[in-house]
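# Tertiary structure, described
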Amino acid sequence: RCAPRPARAGRGAPAPGMLGGGYSRLLPSKAPDGLSAPGTSGDGAEASAPVTLHVYSVTRLSAIQRANGVLDRVGSGGAYHAAVEIYGREWSFGATEDGSSGVFSCRPGKCPDHAYLKALPMGNTRLTEAEVVQLIGRMRKEWHGDDYDLLHCNCCHFAEDLLRRLGVGPAPSWVTSLA
């Protein structure tokens, strides 16, 4: 499985409230610095925002799209690109060659390198928009683009990690079956 590294020297230390060594998790008993308790908007009101998993065929090549269709019909999944929509942005992970973060965003359903298939509602997160911004910032430091591996550390692993941190995961098994 994919195990992104902790933040690199010079890229900032892990944020308070984070577990060390690979995958980080928000600690439910601690609020991120400068924020109210997790899941509240600061005035005590409960936060709630829909989370959607967007699934694409991993490539626009028609042969791969046909193979995905066959694999889907026999129930074994396929080769997919996955991304998570929260607060109006779609977040995913891809390769870089310069060691920078592989985390990127686009308009929901509009990732230009992949053929869109479907949206899967995953439920609502209790994190506020400010908490999600902080979470994405931490994940940008953990998910380095030069760690990308087509089978072992890819966009499906990132999406699954983000879904879990948002409190709505995991992704359906057919999305990650080849990841």
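Attention here is on the structure that accompanies the text. Here the structure is a predicted model, which is why all the values come from computation and not from measurement. (Residues numbered from 1 in each chain as written. Predicted model: local features only at pLDDT ≥ 70, side-chain atom pairs only at ≥ 80, totals over all residues. Heavy atoms only, no water.)

The next thing to look at is the nonpolar core. In terms of nonpolar packing, the biggest core is built from 30 residues, with Val51, Leu53, Val84, Phe158, Leu162, Leu163 and Leu166 touching the most fellow members. Those elements giving two or more residues to this core turn out to be β1 (49–57), β2 (80–86), β3 (89–93), β5 (115–125), α2 (129–142) and α3 (155–165). Here this core gets six residues from one element, more than from any other, and that element is α3. (Core = buried A, V, L, I, M, F, W, Y, C linked by side-chain atoms within 4.5 Å. Buried < 20%, exposed > 50% of the residue type's maximum accessible area, 1.4 Å probe, protein only. Helix = DSSP H or I, 4+ residues; strand = E, 2+ residues; numbered from the N terminus.)

The next subject is the packing of aromatic side chains. This model, assessed by the stated rule, comprises six aromatic pairs. Taking 5.1 Å as the distance between ring centres and 85 degrees as the angle between the ring planes, the aromatic pair formed by Tyr56 and Tyr116 counts as edge-to-face. Taken as a pair, Tyr56 in strand β1 and Tyr116 in strand β5 lie far apart in primary sequence, 60 residues in all. For Tyr56, a relative accessible area of 0% puts it in the buried group. Among the residues examined, Tyr116 registers a relative accessible area of 34% and is labelled partly exposed. Pairing Phe93 with Trp143 gives two aromatic rings, centres 5.1 Å apart and planes at 70 degrees, and the pair type is edge-to-face. Of the two residues, Phe93 sits in strand β3 while Trp143 sits in the loop between α2 and α3, which places them 50 residues apart along the sequence. Residue Phe93 shares its accessibility class with Trp143, and that shared class is buried. (Phe/Tyr/Trp six-rings, centres within 6.5 Å; stacked < 30°, edge-to-face > 60°.)

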